[in-house]
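Observations on chain architecture
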Amino acid sequence: MLKIENLHASIEDKEILKGLGIEVKPGEVHAIMGPNGAGKSTLSSVIAGREEYEVTEGSIEFEGEDINELEADERAHKGIFMSFQYPVEIPGISVTNFIKTAINSNRKAQGLEDMPANEMLKKIKEKAALLDIDMKFLSRSLNEGFSGGEKKRNEIFQMAMLEPKLAILDETDSGLDIDALKIVANGVNKLKSADNAVIVITHYQRLLDYIVPDFVHVLFDGKIVKSGTKELALELEAKGYDWIKQEVTA
Amino acid sequence: MAYTEEELKKELETQEYAYGFYTDIEADTLPIGLNEDIVRAISKKKNEPEWMTEWRLEAFRAWEQMEEPDWANVHYEKPDFQSISYYSAPKKKPQYESLDEVDPELLDTFNKLGISIDEQKKLTGVAVDIVMDSVSVATTFKKTLAEKGIIFCSISEAIKEHSELVKKYLGTVVPQKDNFYAALNSAVFSDGSFCYIPKGVRCPMELSTYFRINQAGTGQFERTLVIADESSYVSYLEGCTAPMRDENQLHAAVVELIALDDAEIKYSTVQNWFPGGKDGKGGVFNFVTKRGLCEKNAKISWTQVETGSAVTWKYPSCILKGDNSIGEFYSIAVTNNYQQADTGTKMIHLGNNTRSTIISKGISAGKSQNSYRGLVQVGSRAANARNFSQCDSLLMGNNCGAHTFPYIEAKNKTAQIEHEATTSKIGEDQIFYCNQRGIDTEKAIALIVNGFSKEVLNKLPMEFAVEAQKLLEISLEGSVG
Ligand SMILES: Nc1ncnc2c1ncn2[C@@H]1O[C@H](COP(=O)(O)OP(=O)(O)OP(=O)(O)O)[C@@H](O)[C@H]1O
Ligand SMILES: [Mg+2]
């Protein structure tokens, strides 16, 4: 589904990703861990197509197609979703209005008519229930004044509404309380199928108890330096990153 | 497509006027220039009574002595008042019972404007009085209104048919000598609308007028007079678009609102005159005097969406004369390219317990300048006056400007005046967030702008809100991609 090879990317002439490779197949869950500043959010932004990042070398393939030249909205239309580490506020636009606009933009790209209002409402109700979101919440301005946890839950709500093929969850667990973490993880699991894939970026093993990864990767200084199964996450939790740094520099 | 500020800004600048066209309807035009003879000729062409001719001449004499103001934060080449023709009426001047009889070319024009009359007719509860190049050519729903005793007609007709009312109220809120443009308007106004709501009557529909400028080189001087008698209510909508022109077109309208005891007037405007090309050439000069007078317990709300004109100079105001009267001003002003807008309001508190609210949203793009200028004045005898003002500016790119000039003159110690102001920029992160969810940049900007303007859009009547949103999108997007 997603195949990244020797990816080099920089921002303002500063190289952040330095020859990164990863392959994600349909039905898989990948976890990416790594110290602060390693380049995890940069990787998500580059996959999602943020303009400010320049890809200087390497390739990103999505479903067999090189997507490097595609705009962010075009990548979204192909089914790439990213849950933001820091979701952005849009004052005056309700969650409902925003998601409606997003869904209809995606449908338009697929050559479909706008989703009928009753169908939209049904879907909103269903997904809000899945994530235990109060309907009143959906009338509030997008992310404006939302608590950290509410923002993250709202990201997953949007993911549930958009039903992407590939979801990248950038520290979706940070800011969530224990109950919310379970609800959100449960929501993500319910949306999993043999046809879609998830990349979870996290600092904590805890999330991976709920969203169980098939693979765990360590991203360090712009490269994937170690990959393994879910046991690797436990090891990281116990030992920290120093031993990896030593392995890399050795 | 690009998301950087720099590129975004460039894309905004490549927007073209969507409604640029010209309708070829035969017109009857007076020679250019202005003198007493021209004023008399205008009055004569309109078969006005003697008192009206005199009233115009008085205004003209005052105007001759006046200097064109230049204190507003706008810069432009001043119009040459002697090179304008002050009267232009469609030659065929039919009186229609039904819209089916209207000149097909005119209907076509309206279709191009996206305000098809067919659609308008379907919108139940909207009476449309179309002012086309200075003379009303079609009026609808008149009969329904007449049953309630409501008068809604052109000002020329009112001068003839309801001269007592016109004589009593014309110029009482905006005197002939009020300012340079008001004096000019008083001397030469060719048409406009008149509305009277009798005591205790709630007008059952939104009254709506579409103004436009059509004849090349013709200034347009509309005169609107709305009188809401005691305990009555009316919601009045004014909207306009203009064909593309090379020369600047002058527009100097005067709108007077009178809300008698316990009456309420809602006056909403959507204005989309040709703003000038990307190079700043052409476009309408819009110098408007709008003012309302509130008697006891009366309320006047001005809501405006300004997206057009090269130069806009406009301050819908409220004189809160009666005790407990309320004045409101809700405004969205969008400027792009070289547009300049200097708008705001004046709230004059004279009565006790008078309240005013001002919500102003300025959106600037391109090389435009957008200024809010507001005056809140509390008279020495106005006890417990309250005002709340909020002025928000949204900037796109680095070459535009937003300015806020709040003036406060409180002569009574019991006054409570609050002013809040914010300035923000559309962020790349906001646009990327929308893009990531599949929303293209053009739509993302429209979404962000709509969100920013929401408090004011919400104040518009439903029919207008949709049109206003469309205008906002047209004036800021269309360009991207
Ligand atoms: N606009 C920018 N200009 C310069 N450096 C930047 C810019 N944006 C990000 N960086 C740098 O890129 C590096 C990687 O940042 P990134 O956000 O990808 O880290 P991360 O792995 O997600 O960290 P965290 O765990 O703290 O979220 C950091 O050193 C950061 O300072
Ligand atoms: Mg990060």
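Everything here concerns the structure above.
Residues numbered from 1 in each chain as written. Chains lettered and ligands numbered in written order. Predicted model: local features only at pLDDT ≥ 70, side-chain atom pairs only at ≥ 80, totals over all residues. Heavy atoms only, no water.

1. Topic: the overall build of chain B
Heads up, the condition is: In DSSP terms, a helix is any run of H or I states spanning at least four residues, a strand is any run of E spanning at least two, and both are numbered starting from the N terminus. Relative accessibility under 20% of the residue-type maximum defines a buried residue, over 50% an exposed one, and the middle range a partly exposed one, all with a 1.4 Å probe and only protein chains included. The contact rule is simple, with two residues in contact once any of their heavy atoms fall within 4.5 Å. All accessible areas in this document rest on Shrake-Rupley with a 1.4 Å probe, and a residue is counted as covered only by the protein chains that are shown.
Helix and strand counts for chain B stand at 12 helices and 23 strands. Counting only residues that meet the buried cut, chain B has 64% of its 481 residues in that class. Of the contacts formed within chain B by residues at least 6 apart in sequence, a portion of 84% connects residues at least 24 apart. Just so you have it, chain B exposes about 17600 Å², and 47% of that area is on carbon and sulfur atoms.

2. Some words on the coordination of the magnesium ion (ligand 2)
A metal bound by six donors in octahedral fashion has ideal angles of 90 or 180 degrees, whereas one bound by four tetrahedral donors has an ideal angle of 109.5 degrees. Rule in force here: Keep in mind that water is not among the atoms, so a site may look incomplete; donors are the N, O and S atoms within 2.8 Å of the metal, or 3.2 Å for Na, K and Ca.
Within the first shell, the magnesium ion (ligand 2) binds the protein through A:S41 (OG) and A:Q85 (OE1), at distances of 2.0 to 2.1 Å. Of the two residues, A:S41 is situated in helix α1 (residues 40-48) and A:Q85 in the loop between β6 (80-83) and β7 (90-94); the sequence distance between them amounts to 44 residues.

3. Section: the interface of chain A and chain B
Heads up, the rule is: Here the quantity called buried area is the total loss of accessible area, with a 1.4 Å probe, experienced by two parts when brought into contact, counted for both. The rule for a salt bridge is simple: a side-chain nitrogen of Lys or Arg has to be within 4 Å of a carboxyl oxygen of Asp or Glu. The definition of a polar contact used here is a pair of N or O atoms within 3.5 Å, where within protein one atom must be able to donate a hydrogen and the other to accept one, and adjacent residues in sequence count solely through side-chain atom pairs. For this scheme, ten residues count as nonpolar: Ala, Val, Leu, Ile, Met, Phe, Trp, Tyr, Cys and Pro. Four count as charged, namely Asp, Glu, Lys and Arg, and the remainder, Gly too, count as polar.
Across the boundary between the two partners, chain A contributes 34 residues, which contact 22 residues of chain B. In this assembly, chain A packs against chain B so that about 2300 Å² is buried in total across both faces, 63% of it on carbon and sulfur atoms. Where chain A meets chain B, there are one salt bridge. A:E155 is the salt-bridge partner of B:R437, the closest N and O atoms lying 2.9 Å from each other. Across the contact surface, chain A and chain B share 11 residue pairs in polar contact (both at pLDDT 80 or more). Breaking the side of chain A that touches chain B down by element, the ones donating at least two residues are α1, α2 (72-78), β6, β7, α3 (95-109) and α5 (148-162) of chain A. Looking at which element gives the most residues to the side of chain A that touches chain B, the answer is α3(A), with six residues. Split into classes, the residues belonging to the side of chain A that touches chain B amount to 16 nonpolar, 11 polar and seven charged.

4. A few points about the sheet that holds strand β1 (residues 2-11) of chain A
Adjacent strands of a sheet form backbone hydrogen bonds with each other and so pair up, either parallel or antiparallel. Residue and element names in this part refer to chain A. To keep it simple, the criterion reads: The rule for pairing is simple: two strands pair if DSSP sees at least two bridges between them. Orientation is described by axes fitted as lines to C-alpha atoms, over the contacting stretch for helices, and by angles from 0 to 180 degrees between their N-to-C directions.
The four strands are arranged β2-β1-β4-β5 in an open sheet whose pairing can be described as antiparallel. Each edge of the sheet is formed by a strand with only one pairing partner; in this case those strands are β2 (14-24) and β5 (65-66). In terms of strand pairing, β1 meets β2 through eight bridges, oriented antiparallel. Opposite K3, over in β2, you have E23 as the bridge partner. On the sheet, α1 packs against β1, β2 and β4 (54-62) and is oriented at approximately 110° with respect to β1.

5. Observations concerning the pattern of salt bridges
Going through the model one piece at a time under the given rule, you end up with 24 salt bridges over all chains. We note a salt bridge from B:E328 to B:K299, for which the minimum N-O separation is 3.7 Å. Remark: B:K299 occurs in strand β14 (residues 299-306) and B:E328 occurs in strand β17 (residues 326-335); sequence separation between them is 29 residues. Among the charged side chains, a salt-bridge network with shared partners connects A:K123, A:E126, A:K127 and A:E163.

6. Some points on unusual backbone geometry
Residues and elements named next belong to chain A. Positive phi outside glycine occurs at E63, with the angle close to 50°. Note on placement: E63 falls in the loop between β4 and β5. Even without being glycine, E171 reaches a positive phi, approximately 50°. Secondary-structure assignment places E171 in the loop between β9 (166-170) and α6 (178-191). By relative accessible area, E171 is classed as buried at 9%.

7. Brief notes about the packing of aromatic side chains
Residues and elements named next belong to chain B. Put simply, the rule reads: Two aromatic rings, drawn from Phe, Tyr or Trp (for Trp, its six-membered ring), form a pair once their centres lie within 6.5 Å of each other, and the interplanar angle then sorts them: stacked below 30 degrees, edge-to-face above 60, tilted otherwise. Sitting over a ring, as applied to charges here, requires NZ of Lys or CZ of Arg to be within 6 Å of the ring centre and within 35 degrees of the ring normal.
One pass over the structure, following the stated rule, counts 11 aromatic pairs over all chains. Here the basic side chain of R202 rests over the ring of Y233, its NZ or CZ set 4.0 Å away from the ring centre. In this structure, R373 packs its charged tip against the face of F405, placed 4.7 Å from the ring centre.

8. Here's the deal with the sheet that holds strand β3 (residues 29-33) of chain A
Residues and elements named next belong to chain A. What the six strands build is an open sheet, ordered β6-β9-β10-β3-β11-β12; its pairing is mixed. Each edge of the open sheet is held by one strand with a lone partner, namely β6 and β12 (223-228). Between one strand and the next, the sheet's axes are offset by a mean angle of 20°, whatever the strand orientation. Relative to strand β10 (residues 197-201), β3 runs parallel, the two sharing four bridges. If you follow H30 over to β10, its bridge partner there is I199. Here α5 sits on the sheet and contacts β6 and β9; the angle it forms with β6, its principal contact strand, is near 165°.

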